[in-house]
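Topology and contacts: notes
The lines below spell out each chain.
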Amino acid sequence: MNKIVISRLLSSLLVLIMVLTVILSDPMSFDAEAANKKVTSSVCNHKKASKYNKAPSIRVGTTKVLLKKKNALVKFKATENKTYTFTVSNLYDPKDSDNYVCGHFYVMRRISENSQYISGTECKTQGGKATSFNIAGKSFLDGWKQKKVLKKNRYRLSRYAKVSLEAGETVYIEVHAAGIKSQRAGYTIKVK
């Protein structure tokens, strides 16, 4: 009888260890995966809803994005009602070590709940509110004079846009950027 009780205890202990391993390891692997996620964004075409609906998804955390062409979309679906911050940075040309690249991005949402069309949204950013957010590589910024440009419209190495979303609402981040050598660009987007 003692052998049966001991055997059952060992089986129960083994199951408990396996359950704890899964519970403790999944959040850790999820964070590492989110921090290192890479996607290639789809070509932007506002006339075909099917195109932007197929944009790759990003989530809270950091994602590296490579554009297929000069402009493209990624999408984000809100998990809760809150103000999300989208920060685009590290704009680069994969074929140009001088990184003389510039561009801009929009946070876009459906015009109305049942609409097939999306449009840019005014968001809070550095220096005020805007609809278009300028970003650039360091080489571009070093040679560009911006003293008379409004702060909200200046090119920056890193630019954020804050937007209030309801749980389940999807926004599309459209980036227009091109490098000198490759005619395509990459960037990092952080969502929090």
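Everything quoted here is computed from the prediction, not taken from an experiment.

On to the overall build of the protein, then. Across its full length, the protein carries three helices and 13 strands. A total of 192 residues make up the protein; the buried ones form 35% of that total. A sequence separation of at least 24 residues applies to 74% of the contacts in the protein between residues at least 6 apart. Carbon and sulfur atoms make up 56% of the accessible area of the protein, which amounts to about 11,800 Å² in all.

As a further point, take unusual backbone geometry. For Asn 90, which is not glycine, the phi torsion reads 55° and is therefore positive. Tracing the chain through its elements places Asn 90 in strand 5 (residues 82–92).

Time to look at the nonpolar core. Side chains that are nonpolar tend, in soluble globular proteins, to be buried together. Judged by nonpolar contacts, the single largest core of 30 residues is most densely connected at Phe 76, Phe 86, Phe 105, Val 107, Tyr 187 and Ile 189. Going through the elements one at a time, strand 3 (61–67), strand 4 (71–77), strand 5, strand 6 (102–110), strand 10 (133–136), strand 11 (158–165), strand 12 (170–178) and strand 13 (186–191) are the ones with two or more residues in this core. Every residue in contact with Phe 76, bar those within four places of it in the chain, is listed here: Ile 58, Arg 59, Val 60, Tyr 84, Phe 86, Leu 165, Glu 169, Thr 170, Val 171 and Val 191. Judged by nonpolar contacts, the second largest core, of six residues, contains Tyr 52, Ala 55, Leu 73 and Tyr 172.

You can see Phe 105 is positioned in strand 6. Phe 105 gets classed as buried once you look at its relative accessible area, which sits at 0%. Along the chain, Phe 105 and Ser 132 lie 27 residues apart, while their C-alpha atoms are 5.8 Å from each other. Beyond its immediate chain neighbours, meaning those up to four positions away, Phe 105 contacts Phe 86, Val 88, Thr 131, Ser 132, Phe 133, Ile 135, Arg 159, Ala 161, Ile 173, Glu 174 and Val 175.

Turning to the packing of aromatic side chains, a few remarks are in order. Per the counting criterion, the structure on display carries five aromatic pairs. With 5.0 Å between their ring centres and 65° between their planes, Phe 76 and Tyr 84 make a pair best called edge-to-face. What makes Tyr 84 buried here is its relative accessible area of 1%. Here Phe 140 and Tyr 155 contribute two aromatic rings whose centre-to-centre distance is 5.0 Å and whose plane-to-plane angle is 65°, an arrangement assigned as edge-to-face. In this pair, Phe 140 is assigned in helix 3 (residues 138–143) and Tyr 155 in the loop between helix 3 and strand 11, connecting sequence segments 15 residues apart. In this structure, Phe 140 and Tyr 155 share a single accessibility class: buried. The structure contains a cluster of three or more aromatic residues connected by ring pairs, namely Phe 76, Tyr 84 and Phe 86. When the ring centre of Tyr 84 is taken as reference, the NZ or CZ atom of Lys 82 above it lies at 5.0 Å. For the cation-ring pair, Lys 162 lies above Tyr 160, with the distance from its terminal atom to the ring centre recorded as 5.5 Å.

The rules behind the values
Residues numbered from 1 in each chain as written. Predicted model: local features only at pLDDT ≥ 70, side-chain atom pairs only at ≥ 80, totals over all residues. Heavy atoms only, no water. Helix = DSSP H or I, 4+ residues; strand = E, 2+ residues; numbered from the N terminus. Buried < 20%, exposed > 50% of the residue type's maximum accessible area, 1.4 Å probe, protein only. Contact = heavy atoms within 4.5 Å. Areas by Shrake-Rupley, 256 points an atom, 1.4 Å probe, with all protein chains shown as cover. Core = buried A, V, L, I, M, F, W, Y, C linked by side-chain atoms within 4.5 Å. Phe/Tyr/Trp six-rings, centres within 6.5 Å; stacked < 30°, edge-to-face > 60°. Lys NZ or Arg CZ within 6 Å of the ring centre and 35° of its normal.

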